[in-house]
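# Results of the structural survey
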Amino acid sequence: MFVIMPGAGLLSVFLAQRTLLNLSVDKELLTLYAIYAILISVFLYTAPNDGMFAANQSLQKIPNPSPRRLLLLCTFCFIIVFILMGQYTLTHKLERGVVRSSLGLLGFLYNVIVRFFLPALAFLVTFSIFKMKRKRYYNYFSILLVFMTAFMTGTKSIFIFVFLPAATLLWPLASFRKKVYLFLVAIASILLQSMIFENREFREALLYAGARSTVVAAYGITCVWDYLQNYGQVSLLQHILFSIFGNHVSDILFDAVGINFSGNISKIITMIYYPAYDLAKAGSTNLTLTLLGELLLFFGYWSYLIIILFGIGIVIVFNKMKKYIVCGQLKYTTMMMVFITFVLFPVINSSGIFSLISIPNILYLTALYIILTYIFLKPIRIDDRIVPREVQLKQ
């Protein structure tokens, strides 16, 4: 879906002889994207499918994650996201992109909760619901909190990605009717977000959702193609450094050494081509370049070698996750699920190939590991404590 939908948008624009941001789609761009879509699809198809969750029984033998700790963490995430984002999006005081770009150093806390903690919690709560035969009300309330937290971010892609690991667990276990229900709930939630946060009518929200996943998603790659025709490839070193250190740290470092750098490549292309320059400059709006668009700007036609290596990496990561599943290591399975969902898939969906080695992502994963260690920490029982010898003699 990440590669097919923008391709469908490019094809529809080409066949209708329309333009995207006053730019046309030619046969060469369509051919390049078709090759890219085929390569990525082949690698994703080669990776182990989600049916391994249903087939593997070792996960049923491992201890259940603590429902109370899950509820505590879900409550914490809800409160923090409401303070940082929800109070503005729910009341329409500020647009979500403006809020997100103004968080500053608090953006780290917001990102680690939304992109790493929430999908892990949704996955573990869903797993716990299947494991527990009674006292499920902790888990039901936890999943409701995760839903509300993801919803009030106001970002449809965040909402989808947060529940993607949980859906991967549910999908092979559900009947056809329940799969239809899951799909309808996802679509309804996306439309509801658009109606509440973007003030759209139902029909308008439905049409925009279709356009956003196809034609609008093709804006970025079309702009990249025009940029290459007029200006050629871009310098690589600064963008690698920017991706490694992240937005705020990179701005501080570049200012300190006197480097004039406008931001990541997605922001630069958006500032050049997007009609609302102020929104693009503030970082509240970004065009979706896709992985192919970003690589073409850096490597030209050598991009396909990078794509093949990236695809091999996808297969390796999926097989590593399968190994953790077979061994019944739920903590590491959860970490791999979150890494795939919020690190690998966003690279395919938008761009950011160098973020795979970024310091912020390493810190996010470290924080996630600490949280998961707390969730799976065994409670201390009286019987397990070491009794001093004096007490033993008295007994």
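What comes next concerns the included structure. The structure displayed is predicted, hence computed values, not measured ones.

So, on to the overall build of the protein. Looking only at helices and strands, the protein has 21 helices and zero strands in total. Buried residues in the protein amount to 47% of all 395 residues. Put simply, 76% of the contacts in the protein that link residues at least 6 apart link residues at least 24 apart. Carbon together with sulfur atoms contributes 65% to the accessible area of the protein, which is approximately 20700 Å² in total.

Moving on, we get to the packing of helix H6 (residues 106–131) against helix H7 (residues 137–151). Two elements in contact, H6 and H7, have axes whose closest approach is 9 Å; the angle formed by their N-to-C orientations is 155°. Overall, the two elements H6 and H7 adopt an arrangement that is roughly antiparallel. Handedness of the crossing formed by H6 with H7: left-handed. Contacts between H6 and H7 involve Leu118, Leu121, Ala122, Val125, Thr126, Ser128 and Ile129 on the former and, on the latter, Asn139, Tyr140, Ser142, Ile143, Val146, Thr149 and Ala150. A class-by-class count of the residues in the contact of H6 with H7 yields nine nonpolar, five polar and no charged.

As a further point, take the packing of aromatic side chains. With the rule as written, the count across this model stands at 16 aromatic pairs. Judged by centre distance (5.3 Å) and plane angle (85°), the ring pair of phenylalanine 147 and phenylalanine 159 falls under edge-to-face. One end of the pair, phenylalanine 147, is in helix H7; the other, phenylalanine 159, is in helix H8 (residues 156–162), with twelve residues separating them in the sequence. What makes phenylalanine 147 partly exposed here is its relative accessible area of 29%. Of the residues examined, phenylalanine 159 reaches a relative accessible area of 6% and is grouped as buried. Taking the centre distance of 5.4 Å and the plane angle of 25° together, the rings of tyrosine 324 and tyrosine 332 count as stacked. Through successive ring pairs, a cluster of aromatic residues spans Phe147, Phe151, Phe159 and Phe163. Sitting over the ring of tyrosine 374, arginine 69 keeps its end group 5.2 Å from the ring centre. Against the face of tyrosine 208 rests arginine 200, its NZ or CZ located 3.9 Å from the ring centre.

Cut-offs and rules
- Residues numbered from 1 in each chain as written.
- Predicted model: local features only at pLDDT ≥ 70, side-chain atom pairs only at ≥ 80, totals over all residues.
- Heavy atoms only, no water.
- Helix = DSSP H or I, 4+ residues; strand = E, 2+ residues; numbered from the N terminus.
- Buried < 20%, exposed > 50% of the residue type's maximum accessible area, 1.4 Å probe, protein only.
- Contact = heavy atoms within 4.5 Å.
- Areas by Shrake-Rupley, 256 points an atom, 1.4 Å probe, with all protein chains shown as cover.
- Axes fitted to C-alpha atoms, helices over the stretch in contact; angles between N-to-C directions.
- Parallel < 35°, antiparallel > 145°, perpendicular 65-115°, else oblique.
- Left-handed = near helix turned anticlockwise from the far one by under 90°.
- Nonpolar A, V, L, I, M, F, W, Y, C, P; charged D, E, K, R; others polar.
- Phe/Tyr/Trp six-rings, centres within 6.5 Å; stacked < 30°, edge-to-face > 60°.
- Lys NZ or Arg CZ within 6 Å of the ring centre and 35° of its normal.

By themselves, these are just geometric observations and shouldn't be taken as functional.
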